[in-house]
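If you want the building blocks of each chain, they are given just below.
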Amino acid sequence: MKDTKEKFSSITLSLHWIIAIVFICMLTVGFYMTNYNAFALFPIHQSTGILLFILILWRVIWRYINGWPIPVSQYSTVERVLARIVHWLLIIGILLQPISGMLMSAGSGNGLYVFGLELLHANLDSAGKAIPIAANIGELGENIHGAGANIMVAAISLHILGALKHHIIDKDGSLRRIFGKNI
Ligand code: HEM
Ligand code: HEM
């Protein structure tokens, strides 16, 4: 079933909310892990991120097939452009975050693992320390991952503020629609 102006399909709703909740948890765990040196959390961070990537790919293809949501009423050009920019940032951001994470781990020689399942072998020396297999790719991934995380915090905050503005000030059905209600 496709999205309509009145109602989102169950696929759009499930993908939006599963990815939104898991993504916010991933940001929280990621910042906690680096700020408090809690790298015991890394296997969970990595495994969840790689699995989420599969759903993210599905969501991006789904968005491509469905087109962007039809606004529930008429808004100013500034609002429409701002909403479109933030939606693009969110879509690109949810793709780039796991991709850059994988590039960082793979490039730095730490391999790729999903809950113990080996996708790419870690390149370790005899003391168990990772030897980069492509240091420049690892660094590129690290830079994108760090900057992307901060940009996503800003984009998600704007997105939530926008949704609340629709609900409280415009009193339109945008927020009700993303909770599966018929408007
Ligand atoms: C946690 C609170 C959130 C609320 C209340 C919320 C609310 C909404 C609403 C109301 C829409 C529909 C916009 C429209 O009618 O044009 C929407 C769409 C969208 N949201 Fe959220 N959202 C939340 C979290 C997130 C997060 C964390 C992400 C990304 C990581 C995200 C990504 C998107 C994207 C990309 C769209 C465009 C439509 C789509 O691709 O499904 N949202 N959201
Ligand atoms: C869904 C997506 C993901 C999100 C939202 C996310 C988010 C984050 C955040 C917020 C940080 C802390 C960044 C900082 O403080 O500079 C972080 C660190 C990290 N993430 Fe992710 N991540 C995701 C997926 C992945 C994946 C799939 C991998 C690996 C395969 C990965 C590997 C790492 C590593 C190695 C660090 C530590 C970086 C460092 O020490 O500089 N992440 N992540």
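Residues numbered from 1 in each chain as written. Chains lettered and ligands numbered in written order. Predicted model: local features only at pLDDT ≥ 70, side-chain atom pairs only at ≥ 80, totals over all residues. Heavy atoms only, no water.

- With an unreviewed UniProt entry as reference, the protein chain is termed Cytochrome b, source organism Shewanella surugensis.
- The protein chain has a UniProt comment under Sequence similarities (unreviewed entry) that states "Belongs to the cytochrome b561 family."
- Note on the protein chain: under the UniProt heading Subcellular location (unreviewed entry), the record states "Cell membrane". (UniProt positions renumbered as here; feature names shortened; annotations may be inferred.)

Description of the site of ligand 1
Then, in step 1: Near ligand 1 lie 20 residues; those nearest to it are His-16, Arg-59, Arg-63, His-159 and Arg-177.
Then, in step 2: Within the side chain of Arg-59, a nitrogen or oxygen atom sits 3.1 Å from an oxygen atom of ligand 1.
Then, in step 3: Measuring from an oxygen atom of ligand 1, one finds a side-chain N or O atom of Arg-63 at 2.6 Å.
Then, in step 4: Put simply, ligand 1 lies in the largest pocket.
Then, in step 5: Counting only elements with at least two residues in the shell around ligand 1, the list comes to α1 (10–35), α2 (42–66), α3 (77–107), α4 (135–170) and α5 (174–178). (Near = heavy atom within 4 Å. Polar contact = N/O pair within 3.5 Å; in protein donor to acceptor, adjacent residues only side chain to side chain. 1 Å grid on protein atoms, 1.4 Å probe; cavity = no way out; pocket = protein on both sides within 12 Å on 5 of 7 lines; lining within 4 Å. Sits in = over half its atoms within 2 Å of the grid points. Helix = DSSP H or I, 4+ residues; strand = E, 2+ residues; numbered from the N terminus.)

A look at the site of ligand 2
Then, in step 1: In the region of ligand 2, 25 residues are neighbours, and Gly-30, Thr-34, His-45, Gly-101 and His-145 sit closest.
Then, in step 2: Contacts to ligand 2 include Thr-34, whose side-chain N or O atom sits 2.8 Å from an oxygen atom.
Then, in step 3: Separating a nitrogen atom of ligand 2 from a side-chain N or O atom of His-145 is a distance of 2.7 Å.
Then, in step 4: Put simply, ligand 2 lies in the second largest pocket.
Then, in step 5: Secondary-structure elements contributing two or more residues to the shell around ligand 2 are α1, α2, α3 and α4.
Then, in step 6: The dominant element in the shell around ligand 2, judged by the number of residues it contributes, is α1, at seven residues.

Remarks on the UniProt feature "domain: Cytochrome b561 bacterial/Ni-hydrogenase" (unreviewed entry) in the protein chain
Then, in step 1: Per the UniProt entry, the sites bearing "domain: Cytochrome b561 bacterial/Ni-hydrogenase" (unreviewed entry) are residues 8–180 in this numbering.
Then, in step 2: Taken end to end, residues 8–180 is 71% helix and 4% strand, and its first and last C-alpha atoms sit 6 Å apart.

Digging into the packing of α1 against α2
Then, in step 1: As a packed pair, α1 and α2 sit with axes 10 Å apart at the nearest point and diverge in direction by 150°. In this view, α1 runs roughly antiparallel relative to α2, as classed from their interaxial angle. Considering only the axes of α1 and α2, their crossing is left-handed. Contacts between α1 and α2 involve Ile-11, Thr-12, Leu-15, His-16, Ile-18, Ile-19, Val-22, Phe-23, Met-26, Val-29, Gly-30 and Met-33 on the former and, on the latter, Phe-42, His-45, Thr-48, Gly-49, Leu-52, Leu-55, Ile-56, Trp-58, Arg-59, Trp-62 and Arg-63.
Then, in step 2: Taken together, the residues that form the contact of α1 with α2 break down as 15 nonpolar, six polar and two charged. (Axes fitted to C-alpha atoms, helices over the stretch in contact; angles between N-to-C directions. Parallel < 35°, antiparallel > 145°, perpendicular 65-115°, else oblique. Left-handed = near helix turned anticlockwise from the far one by under 90°. Contact = heavy atoms within 4.5 Å. Nonpolar A, V, L, I, M, F, W, Y, C, P; charged D, E, K, R; others polar.)

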